[in-house]
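What the coordinates show
Residue-level listing of the chains:
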Amino acid sequence: MSHPRTTPAAGTESAQDTPSTRTHTGEPTPDTASTRPSLTDLRHHLTTHLDPPARTWLDHALDEAAAHPGLHGPISVWELRLAEAGRRCGPAHADAARVLILDAARAGTDALTRVYFQGTADERRAVLHALPHLVSGPGALPLIEDALRTNDTRLLSAAVGPYAARHLTAHAWRHAVLKCLFTGVPVDHVADLPRRAAGDGELARMLADYAAERTAAGRSVPEDLHRVLDLTESVTPAPGTDHPHGKES
């Protein structure tokens, strides 16, 4: 895997630079449905936004991870750096720093699984953000499925990114969209939403049932529900379009 520090991209947009996906600090976070930064973009963003001590620490952490990739014993040195990232780089930049460290360490599914299940909520979120960069097949879906069972909205936001869009079955993906509506996660976070929702009659039925339940209970229907419902009425992608999970499996 190429090291993101070797090919910085000048003039790229910062990671997750949309109003609906900013953190409570007002700074951009590393992944949204509308702006999907590459590893090079993340590196460029950190290079231009971190102060000198934090940049020095990150350079060392990345070199260290690249020199000792993979899992080593109960805990690898780069796993320690993941734990330090929030303190060293600040909460606004920690996710991006962790994703870069995971890439430098060439973390595969086994390593990502260990970090996810042994790490903090912040480290779990970084793993979810890293999946589309580091795992090509569906082998890490158990991590997505675990995150979708939680009510942690920051984990849910990360879980419905491009990896989920690429690999979740239609049934699981529909329930992920509904989970976002239940918990108040903006559907802007759902990667590939227009493509996957297009012409999905079963999703439309589920949304209509949920809206009816809320109306019967005297509760308002989220505006996002209407947005997704409108998408289900759009034209279904033409045959041959990359839509691997458009049918129930």
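Preceding this section is the structure that the text describes.
These numbers were taken from a predicted model, which means no experiment stands behind them.

Parameters and conventions
- Residues numbered from 1 in each chain as written.
- Predicted model: local features only at pLDDT ≥ 70, side-chain atom pairs only at ≥ 80, totals over all residues.
- Heavy atoms only, no water.
- Helix = DSSP H or I, 4+ residues; strand = E, 2+ residues; numbered from the N terminus.
- Buried < 20%, exposed > 50% of the residue type's maximum accessible area, 1.4 Å probe, protein only.
- Contact = heavy atoms within 4.5 Å.
- Salt bridge = Lys/Arg side-chain N within 4 Å of Asp/Glu carboxyl O.
- Lys, Arg positive; Asp, Glu negative; His and termini not counted.
- Polar contact = N/O pair within 3.5 Å; in protein donor to acceptor, adjacent residues only side chain to side chain.

Here the focus is the overall build of the protein chain. Looking only at helices and strands, one finds 13 helices and zero strands in the protein chain. Scanning the protein chain from its N terminus toward the C terminus, one meets helices and strands in the order α-α-α-α-α-α-α-α-α-α-α-α-α. The buried share of the protein chain, reckoned over its 249 residues, is 51%. Long-range contacts, defined as pairs at least 24 residues apart, comprise 69% of the intrachain contacts of the protein chain with a sequence gap of at least 6.

The next thing to look at is the pattern of salt bridges. Counted by the stated rule, this structure contains 15 salt bridges. For R227, the salt bridge is made with D188, and the minimal N-O distance between the two is 2.9 Å. With R227 in helix 13 (residues 223-232) and D188 in the loop between helix 10 (170-183) and helix 11 (193-197), the pair connects residues that are 39 residues apart, well separated along the chain. Given the relative accessible area of 36%, R227 is considered partly exposed. Exposure remark for D188: the relative accessible area of 31% places this residue in the partly exposed category. Between R195 and D192 there is a salt bridge; the shortest N-O distance is 3.0 Å. Within this structure, E64, R81, E84 and R88 form a network of salt bridges that share partners.

This part takes up the side chain of R214. With respect to the secondary-structure elements, R214 resides in helix 12 (residues 201-216). For the buried residue R214, which engages in no salt bridge, the nearest side chain bearing the opposite charge is E213, 8.3 Å off. For R214, the side chain forms a polar contact with the main-chain oxygen of S220, separated by 2.5 Å. Sequence-distant contacts of R214, defined by excluding residues within four places in its chain, comprise R219, S220, V221 and P222.

With that out of the way, let us pick up the environment of A140. With respect to the helices and strands, A140 occurs in the loop between helix 6 (121-134) and helix 7 (141-148). The class for A140 is buried, based on a relative accessible area of 1%. Separated by 31 residues in sequence, A140 and T109 have C-alpha atoms that sit 6.0 Å apart. With sequence-adjacent residues up to four places away left out, A140 is seen in contact with T109, L131, V135 and Y163.

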